[in-house]
Amino acid sequence: MKPSTLFLLVVTMATGGSAVPVKAQTSNFRHAEAGRYEVSLAFGLDPAVVTSVGITRWTAVGDRLVGLSLEGTLPVAEMDLHDYRVGAGASLSLVRFGTFHLATRFGLSARGTQNVNFTAHGVGADLAAFLGHYGRRTFAAVEFGYDKAVVEHIEHRPFYLANYPDAVDGWYKAPAGTVRLGLTTGVSFGRMGVSLRAYIVRSEGWEELMPPLGTTMSLSYSF
(Lines give C-alpha, C1' and ligand atoms only; values in the text may rest on other atoms or scores of the structure.)
Protein backbone atom coordinates (compact mmCIF):
# COMPACT_ATOMS: atom_id res chain seq x y z
CA MET A 1 0.00 0.00 0.00
CA LYS A 2 1.26 3.49 -0.87
CA PRO A 3 1.92 5.65 2.26
CA SER A 4 -0.31 8.41 0.87
CA THR A 5 -3.17 5.95 0.48
CA LEU A 6 -2.71 4.74 4.06
CA PHE A 7 -2.79 8.33 5.30
CA LEU A 8 -6.03 8.97 3.40
CA LEU A 9 -7.47 5.80 4.89
CA VAL A 10 -6.66 6.98 8.40
CA VAL A 11 -8.26 10.37 7.73
CA THR A 12 -11.32 8.52 6.41
CA MET A 13 -11.44 6.26 9.47
CA ALA A 14 -10.82 9.15 11.85
CA THR A 15 -13.36 11.55 10.35
CA GLY A 16 -15.74 10.01 7.85
CA GLY A 17 -15.89 6.48 9.16
CA SER A 18 -18.13 7.38 12.07
CA ALA A 19 -15.04 7.62 14.21
CA VAL A 20 -15.34 10.92 16.05
CA PRO A 21 -17.40 10.12 19.13
CA VAL A 22 -20.93 11.44 18.67
CA LYS A 23 -21.79 11.22 22.35
CA ALA A 24 -18.69 13.09 23.55
CA GLN A 25 -20.22 14.84 26.59
CA THR A 26 -24.01 14.86 26.87
CA SER A 27 -24.07 14.18 30.62
CA ASN A 28 -24.44 16.92 33.18
CA PHE A 29 -21.92 16.08 35.94
CA ARG A 30 -24.20 17.86 38.42
CA HIS A 31 -26.67 14.96 38.01
CA ALA A 32 -24.13 12.13 38.34
CA GLU A 33 -24.88 9.62 41.10
CA ALA A 34 -23.90 6.00 41.65
CA GLY A 35 -26.31 3.54 40.03
CA ARG A 36 -27.82 6.10 37.66
CA TYR A 37 -28.27 5.13 33.98
CA GLU A 38 -28.55 7.39 30.95
CA VAL A 39 -29.63 6.30 27.46
CA SER A 40 -29.05 8.63 24.53
CA LEU A 41 -29.83 9.07 20.86
CA ALA A 42 -27.63 11.42 18.84
CA PHE A 43 -27.69 12.49 15.22
CA GLY A 44 -26.07 15.10 13.02
CA LEU A 45 -23.02 15.90 10.90
CA ASP A 46 -20.13 14.22 12.68
CA PRO A 47 -18.72 14.84 10.04
CA ALA A 48 -20.69 12.31 7.98
CA VAL A 49 -24.45 12.35 8.62
CA VAL A 50 -24.71 9.72 11.34
CA THR A 51 -26.93 8.47 14.12
CA SER A 52 -25.75 6.98 17.38
CA VAL A 53 -27.28 5.19 20.36
CA GLY A 54 -25.55 4.87 23.71
CA ILE A 55 -25.95 3.98 27.35
CA THR A 56 -24.00 5.27 30.36
CA ARG A 57 -23.94 3.94 33.91
CA TRP A 58 -22.50 6.02 36.73
CA THR A 59 -20.58 4.05 39.31
CA ALA A 60 -18.46 4.90 42.34
CA VAL A 61 -14.72 4.23 42.04
CA GLY A 62 -13.16 5.16 45.34
CA ASP A 63 -14.30 8.70 46.12
CA ARG A 64 -15.10 9.53 42.48
CA LEU A 65 -18.05 8.90 40.17
CA VAL A 66 -17.18 7.42 36.77
CA GLY A 67 -19.58 7.24 33.82
CA LEU A 68 -19.05 3.97 31.91
CA SER A 69 -20.57 4.09 28.44
CA LEU A 70 -21.21 1.94 25.37
CA GLU A 71 -22.09 3.40 21.97
CA GLY A 72 -22.82 2.34 18.41
CA THR A 73 -22.83 4.59 15.33
CA LEU A 74 -23.95 4.15 11.71
CA PRO A 75 -24.36 6.57 8.78
CA VAL A 76 -27.87 7.85 8.09
CA ALA A 77 -27.82 8.21 4.28
CA GLU A 78 -27.22 4.49 3.72
CA MET A 79 -27.43 2.13 6.67
CA ASP A 80 -24.27 0.37 5.53
CA LEU A 81 -22.95 -2.06 8.13
CA HIS A 82 -19.50 -1.78 6.52
CA ASP A 83 -19.30 1.84 7.77
CA TYR A 84 -19.62 1.56 11.52
CA ARG A 85 -18.24 2.49 14.89
CA VAL A 86 -18.74 0.77 18.25
CA GLY A 87 -17.01 2.03 21.33
CA ALA A 88 -16.69 2.01 25.09
CA GLY A 89 -15.55 4.87 27.28
CA ALA A 90 -15.22 6.31 30.76
CA SER A 91 -15.80 9.90 31.86
CA LEU A 92 -15.27 11.66 35.16
CA SER A 93 -14.88 15.07 36.73
CA LEU A 94 -11.26 15.69 37.72
CA VAL A 95 -11.54 19.04 39.48
CA ARG A 96 -14.53 21.05 40.66
CA PHE A 97 -14.69 24.80 41.38
CA GLY A 98 -18.24 25.43 42.56
CA THR A 99 -20.39 24.81 39.47
CA PHE A 100 -17.36 24.61 37.18
CA HIS A 101 -15.79 21.25 36.33
CA LEU A 102 -12.64 20.15 34.56
CA ALA A 103 -13.55 16.72 33.23
CA THR A 104 -12.14 14.08 30.93
CA ARG A 105 -13.33 11.17 28.81
CA PHE A 106 -11.28 8.26 27.45
CA GLY A 107 -12.65 5.83 24.89
CA LEU A 108 -11.65 2.82 22.79
CA SER A 109 -13.40 1.90 19.57
CA ALA A 110 -13.63 -0.61 16.75
CA ARG A 111 -14.55 0.91 13.39
CA GLY A 112 -14.76 0.10 9.73
CA THR A 113 -15.31 1.59 6.31
CA GLN A 114 -15.54 0.38 2.71
CA ASN A 115 -15.16 2.09 -0.66
CA VAL A 116 -14.06 1.18 -4.20
CA ASN A 117 -10.41 0.96 -3.10
CA PHE A 118 -10.46 -1.06 0.11
CA THR A 119 -12.34 -2.53 3.02
CA ALA A 120 -10.83 -1.56 6.37
CA HIS A 121 -11.39 -2.41 10.00
CA GLY A 122 -9.46 -0.80 12.79
CA VAL A 123 -9.03 -0.03 16.46
CA GLY A 124 -8.84 3.53 17.75
CA ALA A 125 -8.56 5.55 20.93
CA ASP A 126 -9.98 8.94 21.86
CA LEU A 127 -9.12 11.33 24.70
CA ALA A 128 -11.12 14.46 25.44
CA ALA A 129 -11.07 17.20 28.07
CA PHE A 130 -13.99 19.47 29.05
CA LEU A 131 -14.03 22.71 31.00
CA GLY A 132 -17.36 24.28 31.74
CA HIS A 133 -20.28 25.25 33.94
CA TYR A 134 -22.59 22.43 35.08
CA GLY A 135 -25.70 23.79 36.76
CA ARG A 136 -28.88 22.16 38.02
CA ARG A 137 -30.68 22.44 34.66
CA THR A 138 -28.08 23.58 32.14
CA PHE A 139 -24.44 23.03 31.27
CA ALA A 140 -21.99 24.52 28.78
CA ALA A 141 -18.39 23.47 28.20
CA VAL A 142 -15.41 23.84 25.90
CA GLU A 143 -14.15 20.53 24.48
CA PHE A 144 -10.67 19.60 23.29
CA GLY A 145 -10.18 16.11 21.89
CA TYR A 146 -7.67 13.87 20.17
CA ASP A 147 -8.65 10.79 18.14
CA LYS A 148 -6.06 8.22 17.08
CA ALA A 149 -6.58 5.33 14.66
CA VAL A 150 -4.10 2.92 16.27
CA VAL A 151 -4.02 -0.02 13.86
CA GLU A 152 -5.97 -0.91 10.70
CA HIS A 153 -6.59 -4.11 8.74
CA ILE A 154 -6.83 -3.36 5.02
CA GLU A 155 -8.19 -5.58 2.26
CA HIS A 156 -7.69 -4.06 -1.18
CA ARG A 157 -10.53 -4.27 -3.70
CA PRO A 158 -10.29 -5.02 -7.45
CA PHE A 159 -10.42 -1.35 -8.51
CA TYR A 160 -7.33 -0.55 -6.43
CA LEU A 161 -5.50 -3.74 -7.40
CA ALA A 162 -5.99 -2.91 -11.06
CA ASN A 163 -3.76 0.15 -10.54
CA TYR A 164 -1.49 -1.23 -7.80
CA PRO A 165 -1.25 -5.03 -8.29
CA ASP A 166 1.52 -5.34 -5.70
CA ALA A 167 -0.62 -3.96 -2.87
CA VAL A 168 -0.50 -6.20 0.21
CA ASP A 169 -3.47 -6.89 2.45
CA GLY A 170 -2.92 -7.02 6.18
CA TRP A 171 -2.48 -5.04 9.38
CA TYR A 172 -0.94 -1.57 9.21
CA LYS A 173 0.13 0.79 11.95
CA ALA A 174 -1.90 3.97 11.59
CA PRO A 175 0.30 7.02 10.89
CA ALA A 176 -2.02 9.86 11.87
CA GLY A 177 -4.83 11.15 14.03
CA THR A 178 -7.13 14.13 14.33
CA VAL A 179 -7.69 16.89 16.87
CA ARG A 180 -10.90 18.80 17.53
CA LEU A 181 -12.00 21.90 19.40
CA GLY A 182 -15.62 22.56 20.14
CA LEU A 183 -18.47 23.74 22.35
CA THR A 184 -21.21 21.63 23.91
CA THR A 185 -24.28 22.75 25.84
CA GLY A 186 -27.39 21.11 27.21
CA VAL A 187 -30.58 21.57 29.22
CA SER A 188 -32.53 19.12 31.42
CA PHE A 189 -36.29 18.74 31.84
CA GLY A 190 -36.70 16.32 34.71
CA ARG A 191 -35.28 13.00 33.52
CA MET A 192 -35.06 14.19 29.89
CA GLY A 193 -32.13 16.10 28.43
CA VAL A 194 -31.24 17.82 25.16
CA SER A 195 -27.70 18.77 24.20
CA LEU A 196 -26.07 20.48 21.22
CA ARG A 197 -22.46 20.21 20.12
CA ALA A 198 -20.36 21.96 17.47
CA TYR A 199 -16.66 21.51 16.78
CA ILE A 200 -13.92 21.99 14.23
CA VAL A 201 -11.66 19.07 13.29
CA ARG A 202 -8.11 19.13 11.92
CA SER A 203 -5.31 16.68 11.24
CA GLU A 204 -2.45 16.34 13.72
CA GLY A 205 -0.56 18.90 11.62
CA TRP A 206 -3.59 21.25 11.87
CA GLU A 207 -4.43 20.74 8.18
CA GLU A 208 -8.04 21.35 7.21
CA LEU A 209 -10.24 18.31 6.58
CA MET A 210 -13.49 18.11 4.67
CA PRO A 211 -15.92 18.89 6.05
CA PRO A 212 -13.97 21.05 8.53
CA LEU A 213 -16.64 21.01 11.26
CA GLY A 214 -19.38 18.93 12.80
CA THR A 215 -22.64 19.52 14.66
CA THR A 216 -24.80 17.06 16.58
CA MET A 217 -27.91 17.02 18.75
CA SER A 218 -28.46 14.44 21.48
CA LEU A 219 -31.57 13.39 23.37
CA SER A 220 -31.15 11.53 26.65
CA TYR A 221 -33.22 9.92 29.39
CA SER A 222 -31.96 9.13 32.90
CA PHE A 223 -33.27 6.54 35.32
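Predicted, not measured: the structure shown is a model, and the values here were computed from it. (Residues numbered from 1 in each chain as written. Predicted model: local features only at pLDDT ≥ 70, side-chain atom pairs only at ≥ 80, totals over all residues. Heavy atoms only, no water.)

Caption draft 1: Spotlight on the nonpolar core. Grouped together as the largest cluster of nonpolar side chains are 9 residues: Phe-29, Ala-32, Trp-58, Ala-103, Ala-128, Phe-130, Tyr-134, Phe-139 and Ala-141. At the level of secondary structure, the elements contributing two or more residues to this core comprise strand 6 (118–134) and strand 7 (138–156). Per-element tally for this core: the top contributor is strand 6, with 3 residues. (Core = buried A, V, L, I, M, F, W, Y, C linked by side-chain atoms within 4.5 Å. Buried < 20%, exposed > 50% of the residue type's maximum accessible area, 1.4 Å probe, protein only. Helix = DSSP H or I, 4+ residues; strand = E, 2+ residues; numbered from the N terminus.)

Caption draft 2: Quick peek at the pattern of salt bridges. The full count for this structure, using the stated rule, is 6 salt bridges. Among the ionic pairs, Arg-180 bridges to Glu-143, the shortest N-O distance being 2.8 Å. Remark: Glu-143 occurs in strand 7 and Arg-180 occurs in strand 9 (residues 177–189); sequence separation between them is 37 residues. Since its relative accessible area comes to 1%, Glu-143 is described here as buried. (Salt bridge = Lys/Arg side-chain N within 4 Å of Asp/Glu carboxyl O.)

Caption draft 3: Expanded view of the environment of Arg-180. We classify Arg-180 as buried; its relative accessible area is 3%. Here the alpha-carbon distance between Arg-180 and Ala-198, two residues 18 residues apart in the chain, equals 10.0 Å. A polar contact is formed between the side chain of Arg-180 and the side chain of Glu-143, at a distance of 2.8 Å. (Polar contact = N/O pair within 3.5 Å; in protein donor to acceptor, adjacent residues only side chain to side chain.)

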